[in-house]
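Letter by letter, the chains look like this.
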Amino acid sequence: MSRQALMVMDIQNAVVARYPDPGYLPRLREAVARARAGGIPVIHVVVGFRPGYPEISANNKMFGGLARRAAAAGEEAGMAIHPEVTPEPGDIVVTKRRVSAFAGSDLDVVLSAGGIDHLVLTGIATSGVVLSTLREAADRDLTLTVLADACLDSDPEVHRVLTEKVFPMQAEVTTVAEWTPA
């Protein structure tokens, strides 16, 4: 029997601030509430690093600049999970070191221990964490659902192409309202 988990990915203050969409967080909150009501585990995935950022190579185009900016600005508050989806007791928080939720994290151990073989993906950005996690999860033979309106990207056309053309090859794509936690 398949066991689902709702993945709430990269919903951190600094990330949310870069993607202003007044309807996004209410839709995501609804997905989280529906998961909890249905007894579906909620897994928050955050990007995080040790003090001094030893995990980040200067060669890493995406994270190299982030580490320098975060260190200069004292970004602890920016890396916190956004208060609209604060984890509740029983939720799981996984820290990743790269774009995919699997990269440098213990997500595979959490999934295995919980008997979870079906991931319901949400997050910012569609072209970042959602795409990377979907591809890696598909390669691990996990069943996948993407809640298209609980994903967000800075480029609406990229979001559309991914959710309408790319993701359906490896996942069921639906909306928060249409999703039935099972």
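What comes next concerns the included structure. (Residues numbered from 1 in each chain as written. Predicted model: local features only at pLDDT ≥ 70, side-chain atom pairs only at ≥ 80, totals over all residues. Heavy atoms only, no water.)

Considerations on the packing of helix α6 (residues 126-139) against helix α7 (residues 156-166)
Thinking step 1. Contact geometry of α6 with α7 gives a least axis separation of 10 Å together with a crossing angle of 20°. Taken as axis vectors, α6 and α7 run roughly parallel relative to one another. In the packing of α6 onto α7, the handedness of the crossing is left-handed. Along the contact surface, α6 presents T126, S127, L131 and R135, while α7 presents V158, H159, L162, T163 and V166.
Thinking step 2. Classifying every residue of the contact of α6 with α7 gives four nonpolar, four polar and one charged. (Axes fitted to C-alpha atoms, helices over the stretch in contact; angles between N-to-C directions. Helix = DSSP H or I, 4+ residues; strand = E, 2+ residues; numbered from the N terminus. Parallel < 35°, antiparallel > 145°, perpendicular 65-115°, else oblique. Left-handed = near helix turned anticlockwise from the far one by under 90°. Contact = heavy atoms within 4.5 Å. Nonpolar A, V, L, I, M, F, W, Y, C, P; charged D, E, K, R; others polar.)

Considering helix α5 (residues 107-114)
Thinking step 1. Of the residues making up α5, those classed as buried are L107, V110 and L111. The arc that holds every buried residue of α5, seen down its axis, measures 95°, which confines them to one face. Opposite the buried face of α5, at more than 90 degrees from it, the exposed residues are V109, S112 and A113.
Thinking step 2. For α5, the secondary structure elements touched by its buried residues are β1 (4-9), β2 (42-47), β3 (92-96) and β4 (118-124).
Thinking step 3. The first or second residue beyond α5 is G115, which carries a positive phi of 65°. (Buried < 20%, exposed > 50% of the residue type's maximum accessible area, 1.4 Å probe, protein only. Arc of directions from axis to C-beta.)

Details of the pairing of β2
Thinking step 1. With six of its six residues buried, β2 lies for the most part within the structure.
Thinking step 2. Burial along β2 is two-sided: the residues V42, H44 and V46 and I43, V45 and V47 are all buried.
Thinking step 3. Pairing geometry for β2 and β3, over five bridges, is parallel. Bridge pairing in β3 places V45 opposite V94. (Pairing = 2+ DSSP bridges.)

Observations regarding the pattern of salt bridges
Thinking step 1. Counted according to the given criterion, the structure contains eight salt bridges.
Thinking step 2. Notably, a salt bridge pairs R36 with E88, separated by 3.3 Å at the nearest N-O pair. With R36 in helix α2 (residues 24-37) and E88 in the loop between α4 (76-79) and β3, this residue pair connects regions lying 52 residues apart in the sequence.
Thinking step 3. Owing to a relative accessible area of 42%, E88 belongs among the partly exposed residues under this scheme.
Thinking step 4. Here D91 and R36 are joined by a salt bridge, their closest N and O atoms 2.4 Å apart. Of this pair, D91 sits in the loop between α4 and β3 while R36 sits in helix α2, placing them 55 residues apart in sequence.
Thinking step 5. Residue class for D91 comes out buried when judged on its relative accessible area of 17%.
Thinking step 6. Taken together, the shared-partner salt bridges in this structure form one network comprising R36, E88 and D91. (Salt bridge = Lys/Arg side-chain N within 4 Å of Asp/Glu carboxyl O.)

So yeah, pure geometry; function would need other evidence.
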